[in-house]
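Summary of the model geometry
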Amino acid sequence: ASCGQDSSGSKTHYVPSDALTTEGDDGLAIFWDVSHWASQIVYEETYLDGMPVGATIVGMRIRLGDNGLGGGSQDAFVADTIEKFEVRLSSSENGPGTLSDIFADNRGSDEVIVIPETSWEIAADDYENCDGICEFGPLISFANPFVYAGGDLLMEVAQNGGTNVRYADAETQ
């Protein structure tokens, strides 16, 4: 994942810090054609290298990766609409490998719904399909920014709909 730099001079942070030049070792399924799907991802504080306490997170970028099984590209991406899409950020009450199955138990008291439930229109050329390290897609701006307070960061993504099953580049630990 990446946070983008804009004309105000905000800095781009890549998670993990070498994500610009290194493909992750896994894939996170996104854009599912399902009635409802939700996932929580915890970013260990050490993966947030260089993000200062008090930084305001205003958006994110993702890129397609392989299928998480080590090589090979996916089919070409086509235009899509996620009927209901929501993203939350907070500190994490539980670290990597120890998340509770009850999502609310993992959320910190600083939780912000950065993208309230909305539809997400995705153009066919928003995500490059490539062999190797793909470019990041467009900035997904947050309606409500999140102020990073330090520690592990929890991201929760929920969606309903979509016709593409694709894998975002991901890193496991």
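Note that this is a predicted model, so its numbers are computed, not measured.

With that settled, consider the overall build of the protein. Assigned secondary structure in the protein consists of 1 helix and 10 strands. Expressed as a percentage of its 173 residues, the buried residues of the protein come to 43%.

Looking at the protein, pLDDT values average 78 and 73% of them are 70 or higher. No element of the protein has a lower mean pLDDT than strand β1 (residues 2-3), at 46, and none a higher one than helix α1 (residues 103-106), at 97. Taken as a whole, residues 1-7 scores under 50 in pLDDT and shows 26 contacts with residues more than four places along the chain or in a different chain.

Strand order in this open sheet of 4 strands is β4-β9-β6-β7, and the pairing throughout is antiparallel. One side of each edge strand has no neighbouring strand; the edge strands of this open sheet are β4 (37-43) and β7 (112-122). The sheet shows a mean angle of 20° between the axes of neighbouring strands, direction not considered. Two elements, strand β6 (residues 80-91) and β7, share 7 bridges in a ladder whose sense is antiparallel.

Counting residues in hydrophobic clusters, the biggest one holds 29 residues, and the most contacted among them are Ile57, Phe85, Val87, Trp120, Tyr127 and Met155. Counting only elements with at least two residues in this core, the list comes to β4, β5 (56-60), β6, β7, β8 (140-147) and β9 (153-160). Setting aside its immediate chain neighbours within four residues, Phe85 contacts Met60, Ile115, Pro116, Glu117, Thr118, Trp120, Val157, Ala158 and Gln159.

Along the chain, Gly97 turns up in the loop between β6 and α1. In sequence terms Gly97 and Val42 are 55 residues apart; their C-alpha atoms lie 8.8 Å from each other.

Next up on the list: the pattern of salt bridges. Overall, the coordinates contain 5 salt bridges when judged by the stated rule. Note that Arg88 is salt-bridged to Glu111, the shortest N-O span being 2.8 Å. Of this pair, Arg88 sits in strand β6 while Glu111 sits in the loop between α1 and β7, and the two are 23 residues apart along the sequence. Residue Glu111 is classed as partly exposed on the basis of its relative accessible area of 30%. One salt bridge in this structure joins Arg107 and Glu111, with 3.3 Å as the shortest N-O distance. Through salt bridges with shared partners, a single ionic network connects Glu86, Arg88, Arg107, Glu111 and Glu156.

Basis of the calculations
Residues numbered from 1 in each chain as written. Predicted model: local features only at pLDDT ≥ 70, side-chain atom pairs only at ≥ 80, totals over all residues. Heavy atoms only, no water. Helix = DSSP H or I, 4+ residues; strand = E, 2+ residues; numbered from the N terminus. Buried < 20%, exposed > 50% of the residue type's maximum accessible area, 1.4 Å probe, protein only. pLDDT = per-residue confidence, 0-100. Contact = heavy atoms within 4.5 Å. Pairing = 2+ DSSP bridges. Axes fitted to C-alpha atoms, helices over the stretch in contact; angles between N-to-C directions. Core = buried A, V, L, I, M, F, W, Y, C linked by side-chain atoms within 4.5 Å. Salt bridge = Lys/Arg side-chain N within 4 Å of Asp/Glu carboxyl O.

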